[in-house]
Amino acid sequence: MNASTPYFDDVLSTHVLIREWLSGAATAPEHCADLLARFSPDFTMVAPGGKQLDAAGLTAFFRSAGGSRPGLQMRISDIVLIQESAAGATVAYRELQSMPGAENTERLSTVVYEKTPAGTLLWRHLHETWAVPAAV
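Bear in mind the structure is a predicted one, so any value in this text is a computation, not a measurement.

This next bit is on the pattern of salt bridges. Inspection of every chain in the model, using the stated rule, returns five salt bridges. Its salt-bridge partner being E128, residue R107 comes within 3.3 Å of it at the nearest N-O pair. Remark: E128 occurs in strand 6 (residues 121-130) and R107 occurs in strand 5 (residues 105-115); sequence separation between them is 21 residues. For R107, a relative accessible area of 10% gives the class buried. It is possible to trace a salt-bridge network through shared partners that takes in D78, R94 and E106.

We now examine the packing of aromatic side chains. Per the stated rule, a full pass over the model turns up six aromatic pairs. Between Y113 and W123, the aromatic rings sit 5.7 Å apart at their centres with planes inclined by 65°, giving edge-to-face as the arrangement. On the criterion of sequence distance, the pair formed by Y113 in strand 5 and W123 in strand 6 is long-range, its members being 10 residues apart. Take Y113: its relative accessible area is 3%, and that puts it in the buried class. The rings of Y7, F39, F43, F61, F62, Y113 and W123 are connected pair by pair, giving a single aromatic cluster.

As a further point, take the packing of helix 2 (residues 29-36) against helix 3 (residues 55-65). The geometry of helix 2 relative to helix 3 is characterised by a closest axis approach of 10 Å and an angle of 155° between their N-to-C directions. If you check the angle between helix 2 and helix 3, you find them roughly antiparallel. Considering the relative orientation of helix 2 and helix 3, their crossing is right-handed. The residues of helix 3 that touch helix 2, namely those facing C32, L35 and L36, are L58, T59, F62 and R63. Tallied by class, the residues present in the contact of helix 2 with helix 3 amount to five nonpolar, one polar and one charged.

Quick look at the nonpolar core now. Side chains of nonpolar character tend, in soluble globular proteins, to be buried together. Formed by 29 residues in total, the largest nonpolar core has its most connected members in V11, F62 and W123. Within the residue set of this core, elements represented by two or more residues are helix 1 (6-23), helix 2, strand 1 (39-46), helix 3, strand 3 (73-85), strand 4 (88-98), strand 5 and strand 6. Here this core gets seven residues from one element, more than from any other, and that element is helix 1. Discounting chain neighbours no more than four positions away, the residues touching W123 are D10, V11, T14, H15, R38, F39, S40, F43, Y93, V111, V112 and Y113.

Another aspect to go through is helix 1. Helix length check: helix 1 (18 residues) gives 25 Å between terminal C-alpha atoms against 26 Å at 1.5 Å per residue, within 8%. Residues Y7, F8, D10, V11, T14, H15, L17, I18, W21, L22 and S23 constitute the buried set of helix 1. The distance from a side-chain oxygen at the start of helix 1 to the backbone nitrogen of Y7 is 3.1 Å, and the residue carrying that oxygen is T5. Note on helix 1: the residue one or two positions beyond its end, G24, has a positive phi of about 90°.

How each quantity is defined
- Residues numbered from 1 in each chain as written.
- Predicted model: local features only at pLDDT ≥ 70, side-chain atom pairs only at ≥ 80, totals over all residues.
- Heavy atoms only, no water.
- Salt bridge = Lys/Arg side-chain N within 4 Å of Asp/Glu carboxyl O.
- Helix = DSSP H or I, 4+ residues; strand = E, 2+ residues; numbered from the N terminus.
- Buried < 20%, exposed > 50% of the residue type's maximum accessible area, 1.4 Å probe, protein only.
- Phe/Tyr/Trp six-rings, centres within 6.5 Å; stacked < 30°, edge-to-face > 60°.
- Axes fitted to C-alpha atoms, helices over the stretch in contact; angles between N-to-C directions.
- Parallel < 35°, antiparallel > 145°, perpendicular 65-115°, else oblique.
- Left-handed = near helix turned anticlockwise from the far one by under 90°.
- Contact = heavy atoms within 4.5 Å.
- Nonpolar A, V, L, I, M, F, W, Y, C, P; charged D, E, K, R; others polar.
- Core = buried A, V, L, I, M, F, W, Y, C linked by side-chain atoms within 4.5 Å.
- Expected span 1.5 Å × (residues − 1).
- Polar contact = N/O pair within 3.5 Å; in protein donor to acceptor, adjacent residues only side chain to side chain.

And the structure:
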């Protein structure tokens, strides 16, 4: 991981909010609202299996999925700043998810950030791809 940036901090803190919400560690509606506020109204996503999602789909997913993954753990690593400009940045990272009694999943993700005139960082696009397990 290269030197920490506000983008790296945001990737990490957003995943804390996601984990807390999905695992049920945080259940207040305000928590979901705080999480959703990190995403642009123009948000788009390509999930690891190829499904595409927009801001409305993301909102529906998070609102319905609170507490749906008890015991969820997430580990973010290999964060890299690909590009940065006054308008935002592109950041890549590796995400490992684990849950009790389930197989671990790992994905390679790229997030495109937009920076508002006030300096707020918003997730504009997210592309996730399943990671190939490392050879033993």
